[in-house]
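In case you want the letters, here they are:
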Amino acid sequence: MKVFEGRTIVLLSKHNKEAVMQPLLESQTGCHFVVEKRFDTDKLGTFTREIQRKKSQLETARQKIKMGIKLSKAQLAIASEGSFGSHPLAPIPWNLEIVLLYDKNEDFEIFGIYEGADTNFDHLVTQDWQEALDFARKIGFPDHWLILRPENEKGKPVYKDIFDVTRFEEAFLHCAKKSSSGNVFIETDMRAHANPTRMKNIGTATQNLIEKLHNFCPICGAYGFMITDVIKGLPCEMCSIPSDLTLKYVYRCYKCKHTVEQLHPKGTTASAQYCHYCNP
Ligand SMILES: [Zn+2]
Ligand SMILES: [Zn+2]
């Protein structure tokens with residue numbers, strides 16, 4: 001029997017995320033997948049800054065789950081929430097996708113992630129149509145859609161749903177006319193249905209979630225037996241003083257509370273370069 005055989009999972013989405021999530025979840029967990037579109041998820045924040053996301057990525061996903069359960073009466077809900085920016089240490093674009101699942105019967109939450117540089121997240125300010133076309137080609141237009149504004153990232157009106165060259169040129173000319181400097185602000189559309197690369201990353205995060213679901217507690221058999229704690233203190237190879245590197249993982253069953261410790265998941269000693277004593 002599959003892990004969610006006979007159970008319904010609800011997804012609150014208006015950006016067609018079910019296109020990638022539904023087949024993965026139905027085939028591998030046996031669930032019945034339903035999409036709830038009665039709530040406008042853009043109210044919780046948009047990538048285009050008209051509505052700022054007020055809460056963290058995880059909190060926003062939790063809000064969507066709550067709303068999905070309320071509207072559908074399903075006991076299982078799933079939500080996806082993405083963020084885009086720069087890599088924490090380098091000037092490369094970065095995408096973090098979270099796919100969160102909540103089981104109301106068990107009051108249990110678990111998530112899968114995708115984290116990486118596979119994104120076209122970018123923008124351009126220009127007065128030059130040829131430059132605009134080159135940018136569009138670079139980011140994968142027209143499969144990946146664009147958003148345009150006059151002047152800068154706050155300019156209005158916002159031209160969305162730009163998915164062919166005719167619309168693109170029309171919007172570009174409108175924006176240039178409305179802009180006092182002549183500048184047009186062009187950016188990649190990060191909504192899932194407008195961005196196949198993001199859609200693929202949501203699929204990767206969903207698959208990551210499904211893999212976590214399929215770890216079962218060795219005592220009671222509950223799904224989602226996972227790492228709940230990472231304990232630091234791997235001893236230095238030179239002086240044996242505990243470092244900040246991982247000493248062990250702790251797995252814990254949400255249902256029967258059984259725990260398993262996995263010692264030395266990344267080696268038995270820390271290189272002296274991570275030691276506060278040998279390499280302060
Ligand atoms: Zn258990
Ligand atoms: Zn040392």
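As the structure is a computational prediction, the values presented were derived from the model and not from experiment.

1. Re the coordination of the zinc ion (ligand 1)
Put simply, the ideal angle at a metal is 109.5 degrees for four donors in tetrahedral geometry and 90 or 180 degrees for six donors in octahedral geometry.
Okay, step 1: Those donors, C217 (SG), C220 (SG), C253 (SG) and C256 (SG), are the protein atoms that reach the zinc ion (ligand 1), and they lie 2.3 to 2.4 Å from it.
Okay, step 2: Geometry at the zinc ion (ligand 1) is tetrahedral, judged from the four donor atoms that bind it and their angles of 104 to 115 degrees at the metal.
Okay, step 3: Linear spacing of the donor residues for the zinc ion (ligand 1) on their chain is C-x2-C-x32-C-x2-C. Linking C217 in the loop between helix 5 (196-213) and strand 10 (226-232) with C253 in the loop between strand 11 (246-252) and strand 12 (259-263), this pair joins segments that are 36 residues apart in sequence.

2. Let's talk about the coordination of the zinc ion (ligand 2)
Okay, step 1: Within the first shell, the zinc ion (ligand 2) binds the protein through C236 (SG), C239 (SG), C275 (SG) and C278 (SG), at distances of 2.2 to 2.4 Å.
Okay, step 2: The coordination sphere of the zinc ion (ligand 2) comprises four donor atoms, whose angles at the metal cover 103 to 113 degrees; the geometry is tetrahedral.
Okay, step 3: Each donor residue of the zinc ion (ligand 2) belongs to the same chain, and together they define the spacing C-x2-C-x35-C-x2-C. Linking C239 in the loop between strand 10 and strand 11 with C275 in the segment after strand 12, this pair joins segments that are 36 residues apart in sequence.

3. A few points about the packing of helix 3 (residues 129-138) against helix 4 (residues 165-178)
Okay, step 1: The geometry of helix 3 relative to helix 4 is characterised by a closest axis approach of 11 Å and an angle of 135 degrees between their N-to-C directions. On the basis of the axis angle, helix 3 is oblique to helix 4. The two elements helix 3 and helix 4 cross, and the hand of that crossing is right-handed. Of the residues in helix 4, those touching helix 3 at W129, A132, L133 and A136 are V165, F168, E169 and F172.
Okay, step 2: Among the residues making up the contact of helix 3 with helix 4, the classes are represented as seven nonpolar, no polar and one charged.

4. Overview of unusual backbone geometry
Keep in mind that most residues, glycine aside, have a negative phi and that most peptide bonds are trans.
Okay, step 1: Of note, the amide linkage connecting F141 to P142 takes the cis form, showing an omega dihedral of 5 degrees.
Okay, step 2: Relative to the elements of secondary structure, P142 occurs in the loop between helix 3 and strand 7 (146-150).
Okay, step 3: For the bond running from K156 to P157, omega is 5 degrees, close enough to zero to count as cis.
Okay, step 4: As for its position among the elements, P157 is in the loop between strand 7 and strand 8 (159-162).
Okay, step 5: With a phi angle near 50 degrees, D107 is a residue other than glycine that sits in the positive phi range.
Okay, step 6: Taking the relative accessible area as the measure of exposure, D107 reaches 58% and is therefore exposed.
Okay, step 7: Positive phi values are uncommon outside glycine, yet D161 reaches one of about 55 degrees.

5. So, the packing of aromatic side chains
Okay, step 1: Inspection of every chain in the model, using the stated rule, returns 10 aromatic pairs.
Okay, step 2: On the numbers, 5.2 Å between centres and 80 degrees between planes, the contact of F4 with Y223 is edge-to-face. Of this pair, F4 sits in the segment before strand 1 (8-12) while Y223 sits in the loop between helix 5 and strand 10; the two residues are 219 residues apart in sequence, bridging distant segments of the chain. Neither F4 nor Y223 differs from the other in exposure class; each is buried.
Okay, step 3: Centroid distance W129 to F172: 5.3 Å. Interplanar angle 55 degrees. Geometry classified as tilted. On the criterion of sequence distance, the pair formed by W129 in helix 3 and F172 in helix 4 is long-range, its members being 43 residues apart.
Okay, step 4: An aromatic cluster is present here, built from F4, F108, Y223 and Y254 joined pairwise through their rings.
Okay, step 5: Over the ring of F111 we find K212, and its NZ or CZ is 5.0 Å from the ring centre.

6. Some words on the pattern of salt bridges
Okay, step 1: Applying the stated criterion across every chain yields a total of 16 salt bridges.
Okay, step 2: Three or more residues joined by partner-sharing salt bridges are found here, namely E59, R62 and E109.

7. Details of the nonpolar core
For soluble globular proteins, nonpolar side chains are generally found buried alongside one another.
Okay, step 1: Within the largest apolar cluster, 30 residues are counted, with the highest numbers of intra-cluster contacts made by F4, I9, M21, L25, I78, L101 and Y223.
Okay, step 2: Elements supplying a minimum of two residues to this core: strand 1, helix 1 (18-29), strand 3 (76-86), strand 4 (93-103), strand 5 (108-116) and helix 5.
Okay, step 3: The element contributing the most residues to this core is helix 5, with six residues.
Okay, step 4: Here this core spans two domains, and each of domain 1 (8-119 + 196-213) and domain 3 (226-274) adds at least three residues to it.
Okay, step 5: Residue contacts for I78: discarding those within four places in its chain leaves I9, V10, L11, L12, M21, L25, F33, I65, V99, L100, L101 and L209.
Okay, step 6: Counting 17 residues, the second largest nonpolar core, distinct from the first, contains A136, Y159, I162 and C175.

8. Examining the side chain of S243
Okay, step 1: One can find S243 in the loop between strand 10 and strand 11.
Okay, step 2: A distance of 3.1 Å separates a polar atom in the side chain of S243 from the backbone nitrogen of L245.
Okay, step 3: Those residues within four positions of S243 in sequence are excluded, and the remaining contacts are K232, G233, L234, A270 and Y274.

Conventions used here
Residues numbered from 1 in each chain as written. Chains lettered and ligands numbered in written order. Predicted model: local features only at pLDDT ≥ 70, side-chain atom pairs only at ≥ 80, totals over all residues. Heavy atoms only, no water. Donors = N, O, S within 2.8 Å, 3.2 Å for Na, K, Ca; no water. Tetrahedral: all angles 85-135°; square planar, octahedral: opposite > 155°, others 65-115°. Helix = DSSP H or I, 4+ residues; strand = E, 2+ residues; numbered from the N terminus. Axes fitted to C-alpha atoms, helices over the stretch in contact; angles between N-to-C directions. Parallel < 35°, antiparallel > 145°, perpendicular 65-115°, else oblique. Left-handed = near helix turned anticlockwise from the far one by under 90°. Contact = heavy atoms within 4.5 Å. Nonpolar A, V, L, I, M, F, W, Y, C, P; charged D, E, K, R; others polar. Buried < 20%, exposed > 50% of the residue type's maximum accessible area, 1.4 Å probe, protein only. Phe/Tyr/Trp six-rings, centres within 6.5 Å; stacked < 30°, edge-to-face > 60°. Lys NZ or Arg CZ within 6 Å of the ring centre and 35° of its normal. Salt bridge = Lys/Arg side-chain N within 4 Å of Asp/Glu carboxyl O. Core = buried A, V, L, I, M, F, W, Y, C linked by side-chain atoms within 4.5 Å. Domains from an automatic or database assignment. Polar contact = N/O pair within 3.5 Å; in protein donor to acceptor, adjacent residues only side chain to side chain.

Purely geometric stuff here, so don't read any function into it on its own.
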